[in-house]
Amino acid sequence: MFLDLLNDALIDSLNLVPFLFIIFVIIEICENHFSHKINDIKKGSKNLGPIVGALFGVFPQCGFSVIAAMLYIKRMITKGTLIAVFISTSDEAIPILLANPKHFHILIPLIVAKLVIATAAGYLIDIFFKSEIRCENANIETEKGCCNHKISASSKLALIIHPIKHTINVFLFIFITTLFLNIFIEHIGEENIGNYLAINSPIQPIIAAFIGLIPNCAISVLITILYTKSAISFGSTIAGLCSGAGLGLLVLFKKNKDLKDSFIVTGILVSISIICGIIIHLFH
């Protein structure tokens, strides 16, 4: 039985590898072209910051949340813009859904929901928190992404090496997650999964939001796969992916000298994720 479950998980995961690699190559090319331009957010941050930040954050890669955190620490963008980027960031969720055509119908609602939440939250936060914007250079050249690559790397070799490393990492995340889920479902039984994961309970988005705070690409993989297997609701998925700012939160706590401010940002992020997740969970 275990060998069958292992084989199923391996086949399901391997089928996604070619699609994931192609997607990550495209993402790498776009990231190298656009990552430097995120500095332009500061020019219109007071008026356009949140919506521009949300749009940049929607793009499925690991660098923008890190760059946004650095810009915020230098007070080059507002708190609302930072939160907008954090909320709209989805790490591996979009590539995983893109790699499997049968899940395309999930993609647009997911992106739209996160974009709307991120933009609205960003502007509301800027109303309550008056941020001073300064013009200076943020040192993002040495910041690293999820695969320990430099955010600003633009060599031709990096355009292939990083997608390969990223594909391998995501493949392993998907394989391990799928295997454990297969074992869980086989052992518990599909009829009991709802009781264990609180599928019909508003508590589930709260749990998902706190899990999403863990700064690791594997978390977005876990949340996405759980949703595609109907183990969690769409509201819980939104809650988990909205709070999942990737390495951005890690950089914020590491570089921001104002620890209280970092906790405030985190508190706002998780609160918005929980509230929106519960609302969607109850009415979706």
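Because the structure is predicted, anything quoted here is derived from the model rather than measured. Throughout, residues of each chain are indexed from 1 in the direction in which the sequence is written. Totals for whole chains, interfaces and linings use every residue, but because this is a predicted model, local features are given only for residues with pLDDT of at least 70 and side-chain atom pairs only at 80 or more, for both listing and counting. Excluding hydrogens and water, the side-chain figures rest on all heavy atoms present in the structure.

Visitor: Which parts of the structure should I look at to understand the overall build of the chain?
Guide: Tallying secondary structure elements over the chain gives 14 helices and 0 strands in all. In what follows, a contact means two residues having at least one pair of non-hydrogen atoms within 4.5 Å. Pairs at least 24 residues apart make up 82% of the contacts formed inside the chain by residues separated by at least 6 positions. Secondary structure elements follow DSSP: runs of H or I of four or more residues count as helices, runs of E of two or more count as strands, with numbering from the N terminus.

Visitor: What should I look at first to understand the state of the cysteines in this one?
Guide: A covalent bond bridging the sulfur atoms of two cysteines is what the word disulfide describes. Cysteine sulfur atoms that pair up within 2.5 Å are treated as a disulfide. Summed over the entire model, instances satisfying the criterion amount to 0 disulfides. You can see C242 has no disulfide; the closest cysteine sulfur is in C276, sitting 6.4 Å from it. Only protein chains enter the accessibility calculation, which uses a 1.4 Å probe; a residue is then buried when its area is under 20% of its type maximum, exposed when over 50%, and partly exposed in between. Residue classification places C242 among the buried residues on the basis of a relative accessible area of 1%.

Visitor: Any chance you could explain the nonpolar core here in plain terms?
Guide: Nonpolar side chains tend toward joint burial in soluble globular proteins. What is meant by a nonpolar core is a set of buried Ala, Val, Leu, Ile, Met, Phe, Trp, Tyr and Cys residues, joined one to another through side-chain atoms within 4.5 Å. Judged by nonpolar contacts, the single largest core of 56 residues is most densely connected at F86, I87, L252 and I272. Here this core gets 9 residues from one element, more than from any other, and that element is helix α4 (residues 63-73). In contact with I87, other than residues within four places in its own chain, are K114, I117, A118, A121, L241, C242, L269 and I272. Core analysis: the next-biggest nonpolar cluster, separate from the first, contains 8 residues, L20, A99, V170 and V221 among them.

Visitor: Before we go on, may I ask you to explain helix α3 (residues 49-58) in this structure?
Guide: Counting buried positions along α3 yields 7 of 10 residues, so the element is predominantly enclosed. Listing the buried residues of α3 in full gives G49, P50, G53, A54, F56, G57 and V58.

Visitor: What exactly am I supposed to notice about the packing of aromatic side chains here?
Guide: Centre distance and the angle of the planes are the two values used to describe a pair of aromatic rings. For Phe, Tyr and Trp, where Trp contributes only its six-membered ring, two rings pair if their centres lie within 6.5 Å, and the inter-plane angle classes them as stacked under 30 degrees, edge-to-face over 60, or tilted in between. Scanning all chains against the criterion turns up 3 aromatic pairs. Ring centres 6.2 Å apart and planes at 15° place the aromatic pair F171 and F175 in the stacked group. You can see F171 and its partner F175 sitting in helix α8 (residues 158-188), 4 residues apart, about one turn around the helix. As far as the burial class goes, F171 and F175 line up, both buried. Ring centres of Y227 and F234 lie 5.8 Å apart, and the angle between their planes is 55°; this geometry places the pair in the tilted category.

Visitor: I would appreciate a short explanation of the packing of helix α7 (residues 104-128) against helix α12 (residues 234-243) in the present structure.
Guide: When two helices pack together, their arrangement is captured by the angle between the axes and the distance separating the axes. Here the axes come from fitting lines to C-alpha atoms, over the contacting stretch only for helices, and the angles between their N-to-C directions go from 0 to 180 degrees. Across the interface, α7 lies against α12 with an axial gap of 11 Å and an inter-helix angle of 55°. If you check the angle between α7 and α12, you find them oblique. Considering the relative orientation of α7 and α12, their crossing is right-handed. Between α7, through P109, L110, A113, K114 and I117, and α12, the contact on the second element is made entirely by F234, T237, I238, L241 and C242. What sets the label is the angle itself: under 35 degrees gives roughly parallel, over 145 gives roughly antiparallel, 65 to 115 gives roughly perpendicular, and the rest give oblique. The crossing is said to be left-handed when, going from far helix to near helix, the turn is anticlockwise and less than a right angle, and right-handed when the turn is clockwise.

Visitor: Honestly, the side chain of S233 in this entry has me stumped. Any pointers?
Guide: Checked against the element boundaries, S233 lands in the loop between α11 (217-228) and α12. With a relative accessible area of 15%, S233 lands in the buried category. Each residue touching S233, except ones within four places of it in the same chain, is listed here: Q204, Y227 and H281.

Visitor: Any chance you could explain a nonpolar patch on the surface here in plain terms?
Guide: Judged by side-chain polarity, I160, I161, I164, I168, L172, I176 and F180 come together as a nonpolar surface patch covering roughly 610 Å² of accessible area. Relative to the helices and strands, I160 resides in helix α8. Patch building starts from residues that exceed 30% relative accessible area and form no salt bridge, then joins like charges within 9 Å and nonpolar side chains (Val, Leu, Ile, Met, Phe, Trp, Tyr) within 5 Å. Every accessible area reported is derived by Shrake-Rupley at a probe size of 1.4 Å, with residue values counting cover from the shown protein chains alone. A side-chain nitrogen of Lys or Arg and a carboxyl oxygen of Asp or Glu constitute a salt bridge if their distance falls within 4 Å.

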